[in-house]
Structure formats: structure tokens, C-alpha cells
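Report on the structure
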Amino acid sequence: MKRKILPFLLTVAMVAGLVACGSNSTPKETTGETAGGDETVAESTEAGSSTGEKELKVQVGPDPETVDPALNSAVDGGNMLLHAFECLLTIAQDGTLQPGQAETWETSEDGLTWTFHLREGLKWSDGTDLTANDFVYSWKRVCDPNVAAPYAETVLGMVKGFDEAVAGDLDALAVTAPDDLTLVVELNNPCTYFGSLAAFATLSPVQQATVEANGDAWATSAETYVSNGPFYMTEWVPGSHITFSKNPNYWNADAIKLDKLTFALIEDSNAAYSAYQTGEVMMIKDVPTEEIPSLTGTDEFYVDYIMGTYYVSLNLNRECFQDAKVRQALSLAVDRNYVAGTLMQGTYSAAGNFMGPGWMDTDGTQFIENANGGQTYINNDDFEGNLAKAKELMAEAGYPNGEGFPQIEYTTNDAGYHKVVAEYLQQAWAELGIDLKVNIVEWGSFTPMRRNGDYDVARNGWVADYSDPTNQLELFYSTNGNNDGKYNNPEFDAALDAAAATVDPAERSAALHQAEDIMMEDAACIPIAYYNDFWLQSSKITGSWHSPYGYWYFMYADITE
């Protein structure tokens, strides 16, 4: 199998020094050769052949739930935001922070003040001036309780005045613009990875006049979707495609080789595969799992590691899940080696912890290596023993052989391995006497249902936004906007609070590991597997790259004949 994987040491270098931040919160989710694809790919649109425009068509998912930077928490929407907007900083292919809208930046000696110096002459896609005040407005908007941005606490929880801002006093947030080219941010605690947050899509600038004139609808139509990145939206046909055109007002427009970047909005993996085979698109994220054996080893099939965990959320507001013994039993009854190795065909790896490979500890080592005394929380090599323990726990909880336990429903969208995993869980939990019904819903409905708690059990997953362990652990902080299971444990919150309050690397590491100990003992969720991305991409695409955070970077891509 062709593997296009960033060297692991690169990831280590990327996160060196990420040791202290006062945030309590959390992407995301999160996720070859095909006959006949190459003949037509270079001329995949009429526009490309009749007007000479260079258009790249790709598929990264169906209609996104949202492309409002403040509201998005999904990988598909994130891939689109990455090309339409640019933050103060950007992430390079080698994982290092690079200038974006800010040309330079510095941090005060005590680590509490970050100052960003914007480039001169920045413009919005409509040609109007973009200044530091646009970032002030946009960052305060993320805190606005009426906006309810799911990432608010994650990206700004360490900024002075955050608590007051999310309570409604937006001006309390310590983000100021002393002039048009300078943005100053004051923190409560040193946060060495704040630069990574300044490169994260939630903190993209949005145009105040456009948002205020159109309300939430500003991000639903090409006519009102003003942005500041390499591309700007020129067409959105729901269920069909979103087209972005090269932004002539982008500061680095001369480096953009594509005239258009079109995202084909395809939910069904077989339809995506057909589009790839016919040359309608040149890259697809959603590859039919049944095609993987025949694609393995071909030049256009890629598998690349990403930092993230595929897990199952239990709605802890449901009475039947409030006993930790029940949750532990459901977790132990899952044969993760079978799920990852057989159902997922080895494209994912069985998870024994919640925090998988790639997350870095405060000393620069792998977080997973130091977890639970160096042992996995779940012994995946003793499934028979795990299942026996699961049955004991169900009996102790008052449900011997499942007696008295209500029928429950598992909600998921039908993409990738989600349906086969759901069907497996039906069988696995039947061993405990539990009747599990599977509810397949469309992607556009799935994430709102899960966020609103309109489910019993649901597929879930998270792909890293940055390499600090808090990015994933804080999913279970009681007030986190991405806490879909509504987990609430004061001891867990206290551990993350302690990690946020200290600048001592050893103390911070201990607090973070304590947090994972608590949530795993509590079975706050059911980790299933560690993610990899796998996709098909034409060899005619050059200059693009894939990151450990599950994003494809096409802004500097080209198409060769």
C-alpha cells in the first residue's frame, strides 16, 4: 500500500513546548487507482476545457452542516474553511507555525501577552479593507452566547475576560486593536500553544457588516459569503457542489495556481467512487470499504495517520447509562481487535486508551506511553476475559443477562465503516442481553441530533486540532460545547482545571493523566479505534498535502497533464 505519511519526528517537532494553557475545552471529526480515472481527469469540467480555467474537483463529504467559522466543528466543513479563510497564523506542511494574515508576532516574557502584526494592505474578498479590528469583532463573536460557538472555550477560554464575555459582556474579552495593523491578546495563564489556536479556523476573521446585515444566513449563500483566504465562494448548489474561485484580493494570490476549487457534495461512498472513476472528481475522501482490498497497493490509494479516536457516545442523561458499571460493561463487550482488524480492514488501529498516538506529553514524549502506568486501560488481547467481566458488571448493576434493561437506539450516519460497526454492536451487546436498534440518518441531520442530545447511543469521533492532549480530553469537560454525551464529573473538571492553572510541566502532565484515568474508569465514552485517513487521489494533482489533523491542503495545488 502506498503510504504518504508525515514522519513521526515531524509531529514531535511540531508540538515541542506545548506545556501550559488555561483552556478547558476542545475539530472535530470527525475523517487508488481507479479504472478510467486518468483519461478525463485533467479536463474534469467544461470550464477547464472551454475557457482555459484550471479547476480542481474533490470530494471530502456531503453538504456541510455549516461553513460559518465560529460554528463549524466537523472535518468536512473545516476543509472548506481552510481554503476560504486565513487566520492570523497558518500551519505549514512540516507542522510549523507560519505567518498568515499576521506577518510577525511575539509573546511577552511572562507569556501572558501575545501581539500580532498584520500585513499591510489586507483585503476581504469583496475588495474592502481588512484590519485588526475585524479580528477583535470576530473573536468576540465566538464568545457571544447568542452565537453558541462550540469551540469558544477551547480557543479563547484562556483569554482574560472570557467568563464575562460568554456571559454576555463581549467587551470584557481582552482582545484589542491599538491600530489597524496590531492585535493584542492578554491571557490569564501562559499558553505556549496559543499560536496553534491563532491558526485554527474558529478564529478566522468574518466581516462584521456582512454578518450583521444577513444574520446566520450570511454563511449559506455565495452572494453573502465574504472571506479573506486564497479562494472565495462563487456557487453553492446544495446536494451538488460548492465552488470556490481564486481570490484576487488575497495577499499571496500570485502563488495560487488553481482558478477554481470545487467540492463535490457526495454522501454515498459508491457515488463518490463512481465520480472518481469517470474523472468527474480527482480526489475522494469517502472510498467504499468493499473496494479497499482491490485498491491496496495501487498508486492512487493513500493511507495516512491522523491524530484522533473513533468512539461511541452514551447519552448520560438517559437513566440506563447513569451507572458507570453499565457503561464499563458496554465498553468491555466490544472486541476492538475484530472491529479494527476485520471490520475496518486494518485501516484503523484498535484503541486501548482514549488518547491515542501522536498526542504529546509535556516532556516531549508520547502521551500514550505515560498513560495508566504504561499499560493500556483496556486489554484488547483478552476479549473473552473482558466479556466475562462485562456480564458480571451488568449483573452488579441490576441487569443480569440484560433483564430489565430497556431497548436502546444507536444513531449514526451511513459512511465509511459506520453502518458495519453499528451492526456489530447489535451483536456484541446482545451478548449482554441488550436489544440495540440501529438508526441511520443523513449527515446533515446526524451532527445536530448528537449535539442536542437527541439520541441514546451515537457514533462519535475526534481528530486533533492541535497536539496538546487538552484538545481531546476537554471534550468531556462539563461545560464544553462538544460534550455530546453530557458527561459531568467534578473530579475530571478539577484535573483539567489544575492542568490549566500550572506552568510546571510535571504537574501539568500528572493532572492530564489523572483526567484520562478518571474518564476511562468512568467510561465517559467507549473508545473503539484510532483513526487513519484513506483516500483516492489522481497522480495529476501536485503541490497538495494531507495533515495529521485530517485536512487536505489544495490552496497551492496544481494539475499536470
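Details of the structure are given in the entry above.
Basis of the calculations
- Residues numbered from 1 in each chain as written.
- Predicted model: local features only at pLDDT ≥ 70, side-chain atom pairs only at ≥ 80, totals over all residues.
- Heavy atoms only, no water.
- Helix = DSSP H or I, 4+ residues; strand = E, 2+ residues; numbered from the N terminus.
- Rg over C-alpha atoms; globule rule 2.2 N^0.38 Å.
- Buried < 20%, exposed > 50% of the residue type's maximum accessible area, 1.4 Å probe, protein only.
- Areas by Shrake-Rupley, 256 points an atom, 1.4 Å probe, with all protein chains shown as cover.
- Lys, Arg positive; Asp, Glu negative; His and termini not counted.
- Charge placed at Lys NZ, Arg CZ, Asp CG, Glu CD.
- Contact = heavy atoms within 4.5 Å.
- Polar contact = N/O pair within 3.5 Å; in protein donor to acceptor, adjacent residues only side chain to side chain.
- Core = buried A, V, L, I, M, F, W, Y, C linked by side-chain atoms within 4.5 Å.
- Pairing = 2+ DSSP bridges.
- Axes fitted to C-alpha atoms, helices over the stretch in contact; angles between N-to-C directions.
- Expected span 1.5 Å × (residues − 1).
- Arc of directions from axis to C-beta.
- 1 Å grid on protein atoms, 1.4 Å probe; cavity = no way out; pocket = protein on both sides within 12 Å on 5 of 7 lines; lining within 4 Å.
- Points joined across faces, edges and corners; volume = space filled by probe spheres on them.

Take the overall build of the protein chain next. Secondary structure summary: the protein chain contains 19 helices and 21 strands in total. For the protein chain, the C-alpha radius of gyration of 23 Å lies close to 24 Å, the compact-globule estimate for 561 residues. Summarising its shape, the C-alpha atoms of the protein chain cover approximately 70 × 60 × 45 Å along the three principal directions. The buried share of the protein chain, reckoned over its 561 residues, is 61%. Accessible surface computed for the protein chain: about 20000 Å², of which carbon and sulfur atoms make up 46%. Side chains of the protein chain carry 29 positive and 82 negative charges; the gap between the two charge centres is 3 Å.

This next bit is on the environment of S108. Summarising the element assignment, S108 is placed in the loop between β4 (102-107) and β5 (113-118). Owing to a relative accessible area of 28%, S108 belongs among the partly exposed residues under this scheme. A sequence separation of 78 residues divides S108 from E186, and the C-alpha atoms of the two residues are 9.8 Å apart.

You can see D286 is positioned in the loop between β11 (283-284) and α11 (292-295). Residue classification places D286 among the buried positions, given a relative accessible area of 17%. As a C-alpha pair, D286 and P62 span 224 residues in sequence and 9.9 Å in three-dimensional space. Setting aside anything within four residues of it in sequence, one finds D286 in contact with Q59, G61, I266, S269 and A272. Here the side chain of D286 touches Q59 through a polar contact of 2.7 Å, side chain to side chain.

Nonpolar side chains in soluble globular proteins generally cluster together in the buried interior. W139, F194 and W429 are the most contacted members of the largest nonpolar core, which totals 172 residues. Here the element with the most residues in this core is strand β12 (residues 301-314); it accounts for ten residues. W139 has contacts with L88, L156, L173, V175, L183, V185, F194 and L203, leaving out every residue within four places of it along the chain. One finds V441, F446, M449 and A458 within the second-largest nonpolar core, a separate group that totals seven residues.

This part is about the sheet that holds β5. On the basis of which strands lie adjacent, the open sheet formed by four strands has the order β4-β5-β7-β6 and antiparallel pairing. In this open sheet, the two strands that pair with only one neighbour each are β4 and β6 (175-179). Averaged over all neighbouring strand pairs, the angle between strand axes comes to 20°, with direction disregarded. When β6 meets strand β7 (residues 182-186), the two strands line up antiparallel, connected through three bridges. Directly across from T176, in β7, lies its bridge partner V184. Here helix α5 (residues 132-143) sits on the sheet in contact with β5, β6 and β7, set at roughly 170° to β6.

Attention now goes to helix α15 (residues 418-430). Each full turn of the α-helix corresponds to 3.6 residues, which orients residues three or four apart in the same direction. Spanning 13 residues, α15 covers 18 Å between terminal C-alpha atoms, matching the ideal 18 Å at 1.5 Å per step. Restricting attention to buried positions, one finds in α15 the residues H418, V421, A422, Y424, L425, A428 and W429. Around the axis of α15, the buried residues are gathered within 165° of arc, so they sit on the same side.

What follows covers the layout of surface pockets. The space that makes up the largest pocket amounts to roughly 680 Å³. Lining the largest pocket we find 43 residues, and of these L89, T90, I91, A199 and Y553 sit closest to its centre.

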